[in-house]
Amino acid sequence: VQLQASGGGSVQSGDSLRLSCAASSATFGAYAMGWFRQAPGKDREFVAAISWNGGGTTYAIPVQGRFTISRINAENMLYLQMNNLTPEDTAVYYCARRDGPGLIAVPSPGDFGLWGQGTQVTVSS
């Protein structure tokens, strides 16, 4: 089973990007999924998560109202639409599969057992 993240790039403040994560497993739809990010010199931090069927989502406070997580289970795809980007959003973004179908109140990296390779997002002012 593999996760392949893509869609990163270098943009200006206020721009938008959409990240994609392709899953190789047919069981993709059985698990909650999430996005995390890691800036240089910082710990990996939670960004957003979505339940197995897309019925529930949760976001980190810094991205609420700007980012939207979504999924298409029939295509084994996870997305992160990022709008109104700021330099503080600069990081490597990782998609990850949670070890279960539902959401938890405060997601942490330890709750996710499978990770993609990351895609770089750079936002300049």
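So, here's what we can say about the structure. (Residues numbered from 1 in each chain as written. Predicted model: local features only at pLDDT ≥ 70, side-chain atom pairs only at ≥ 80, totals over all residues. Heavy atoms only, no water.)

Note that Phe 28 resides in the loop between strand E3 (17-23) and strand E4 (33-38). Remark: the alpha-carbon pair of Phe 28 and Val 1, spanning 27 residues in sequence, is separated by 9.4 Å. In contact with Phe 28, not counting residues within four places along its chain, are Ala 23, Met 33, Arg 71, Ile 72, Asn 73, Asn 76, Met 77 and Leu 78. (Helix = DSSP H or I, 4+ residues; strand = E, 2+ residues; numbered from the N terminus. Contact = heavy atoms within 4.5 Å.)

As a further point, take the pairing of strand E11 (residues 119-124). Each regular strand carries side chains that alternate between the two faces of the sheet. What you see with E11 is a clean split: Thr 119, Val 121 and Val 123 sit on the buried side and Gln 120, Thr 122 and Ser 124 on the side with no burial. Direction of pairing for strand E2 (residues 9-12) relative to E11: parallel, over a ladder of 4 bridges. Across the sheet, residue Ser 10 finds its bridge partner in E11, namely Thr 122. Across 3 bridges, the pairing between strand E9 (residues 91-98) and E11 is antiparallel. Across the sheet, residue Val 92 finds its bridge partner in E11, namely Gln 120. (Buried < 20%, exposed > 50% of the residue type's maximum accessible area, 1.4 Å probe, protein only. Pairing = 2+ DSSP bridges.)

Moving on, we come to the packing of aromatic side chains. A complete count under the given rule lists 5 aromatic pairs for this structure. Summarising the aromatic geometry, the rings of Phe 36 and Phe 112 are spaced 5.0 Å apart at their centres and angled 75° between planes, so their arrangement reads as edge-to-face. Pair noted here: Phe 36 is in strand E4 and Phe 112 is in strand E10 (residues 112-115), with a separation of 76 residues, a long-range link. A relative accessible area of 0% places Phe 36 in the buried class. Measuring from ring centre to ring centre gives 6.4 Å for Tyr 94 and Trp 115, while their planes differ by 80°; the resulting arrangement is edge-to-face. Of the two residues, Tyr 94 is situated in strand E9 and Trp 115 in strand E10; the sequence distance between them amounts to 21 residues. Relative accessible area serves as the criterion here: at 24%, Trp 115 is assigned to the partly exposed category. (Phe/Tyr/Trp six-rings, centres within 6.5 Å; stacked < 30°, edge-to-face > 60°.)

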